[in-house]
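Chain residues, written in single-letter form:
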Amino acid sequence: MTTKEYETYYVPAQSHWPIVGAIALFLIAVGAGEYVSNLKSEEAGFGGYVLLAGIALVIYMMFGWFNNVITESMSGKYSHQMDGSFRQGMSWFIFSEVMFFAAFFGALLYARVFSVPWLDGAGNNFMTGEVLWPEFTATWPLVKTPDGTETTGMGWYGLPLLNTILLLTSSITAHLAHVALEEGKRPMVKFWLGLTILLGVTFLYFQVMEYAHGYSDEMKLYLDSGIYGSTFYMLTGFHGMHVTLGTIMLFVVFLRVLKGHFTPDNFFAFQAASWYWHFVDVVWVILFVFVYII
């Protein structure tokens, strides 16, 4: 007969937050699609309102769901076994995000290495270029599509370079906040974490400015400006969405630090948000190289 004492495993009650999140993502998808389709038309449409409603619902869901988990954690319901489950869950979540971005980078690679050269007659597609689009030239960024759509490539200098510096700096400040928490230096945790959030918000502000510049009459870089425009906005747009979610996560963690939560031995929520933020930074570095520079 064993005398080993097993830990109790807390099983939470059924939650309505998953369905709230699903509805929010549905509203975001519908609203974003409708809004983008009407960007160049005179009709305002309802897409913007639906998109804002979806974003607001996501924020509400995140704060509500986080509040439930925080309450359960602070009441001592979580064991080391539960902590391990959280770590596995966050690890698999980040892995799924890696695969998500890998699909878009794969689409970018396929377009640049295969599709665009084929349109110009590369490989065994000589007659494709000669018969269908004899005046087409395979270049990247593809500023002139075979049907004559013209746009302008976004340079790597200026706002993209500034945003790269901001995110790399934020990764350093997030690490310093992590180290300060492990050492029990709460004032420094507040300072470095607050600075990380400020850098994230500044990044998002500059990205909005970059999009406004892209959609100006000067650049005419639209979402439907051929394969270059679509891949540019899909990659940078989804990354911006992840930066937004990461900033919200860090802000919730910051509020918890102000309330006195976390100890040098118990701070996985802080660590999970830090993992996610570093992942976002790494994705941006790859994106900056392959979308802006090369």
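Reading the values: rules and limits
- Residues numbered from 1 in each chain as written.
- Predicted model: local features only at pLDDT ≥ 70, side-chain atom pairs only at ≥ 80, totals over all residues.
- Heavy atoms only, no water.
- Helix = DSSP H or I, 4+ residues; strand = E, 2+ residues; numbered from the N terminus.
- Buried < 20%, exposed > 50% of the residue type's maximum accessible area, 1.4 Å probe, protein only.
- Patch = residues over 30% accessible without salt bridge, like charges linked within 9 Å, V, L, I, M, F, W, Y side chains within 5 Å.
- Areas by Shrake-Rupley, 256 points an atom, 1.4 Å probe, with all protein chains shown as cover.
- Salt bridge = Lys/Arg side-chain N within 4 Å of Asp/Glu carboxyl O.
- Phe/Tyr/Trp six-rings, centres within 6.5 Å; stacked < 30°, edge-to-face > 60°.
- Expected span 1.5 Å × (residues − 1).
- Bend = angle between axes of the 7 residues up to and from the residue.
- Contact = heavy atoms within 4.5 Å.

## Some details on the overall build of the chain
Each helix and strand counted, the chain has eight helices and zero strands in total. Listing each helix as α and each strand as β along the chain from the N terminus yields α-α-α-α-α-α-α-α. Principal axes of the C-alpha set define a box for the chain whose edges measure 80 × 45 × 40 Å. Considering the chain as a whole, with its 294 residues, one finds that 36% of them fall into the buried category.

## Some thoughts on a nonpolar patch on the surface
Residues Trp156, Tyr157, Leu161, Ile165, Val282, Ile286, Phe290, Ile293 and Ile294 make up a contiguous nonpolar surface patch of about 860 Å² in total accessible area. In terms of residues, the nonpolar patch owes the most to one element, helix H8 (residues 268–293), which gives four residues. If you trace the backbone, Ile293 turns up in helix H8. Ile293 gets classed as partly exposed once you look at its relative accessible area, which sits at 42%.

## Brief notes about the packing of aromatic side chains
Enumeration according to the criterion identifies 27 aromatic pairs in this entry. Taking 5.0 Å as the distance between ring centres and 70° as the angle between the ring planes, the aromatic pair formed by Tyr211 and Tyr233 counts as edge-to-face. In this pair, Tyr211 is assigned in helix H6 (residues 186–214) and Tyr233 in helix H7 (residues 226–258), connecting sequence segments 22 residues apart. Classification of Tyr211 by relative accessible area gives partly exposed; the value is 23%. A relative accessible area of 8% places Tyr233 in the buried class. Measuring from centroid to centroid gives 6.3 Å for Phe262 and Phe270, while their planes differ by 75°, and the two rings are edge-to-face. Ring pairs connect the aromatic residues Trp140, Phe203, Tyr211, Tyr215, Tyr222, Tyr228, Phe232, Tyr233, Trp284, Phe288 and Tyr292, which therefore count as one cluster.

## What to know about helix H3 (residues 80–119)
The end-to-end C-alpha separation of H3 is 57 Å, in line with the 58 Å expected for 40 residues at 1.5 Å each. In the structure, H3 departs most strongly from a straight axis at Ala111, where the bend amounts to approximately 40°. Those residues of H3 that sit buried are Met82, Met90, Ile94, Glu97, Phe101, Phe105, Leu108, Ala111 and Val116. On its buried face, H3 is in contact with H7 and H8. With its phi angle positive at about 95°, Gly121 sits one or two positions after the end of H3.

## Looking at the pattern of salt bridges
For the structure shown, the criterion picks out two salt bridges. Between Arg87 and Asp83 there is a salt bridge, and its shortest N-O distance comes to 3.0 Å. Of this pair, Arg87 and Asp83 both sit in helix H3, four residues apart, roughly one helical turn. On the accessibility criterion, Asp83 (24% relative accessible area) is partly exposed. One salt bridge in this structure joins Glu183 and Lys185, with 3.2 Å as the shortest N-O distance. The exposure class of Glu183 is partly exposed, given its relative accessible area of 48%.

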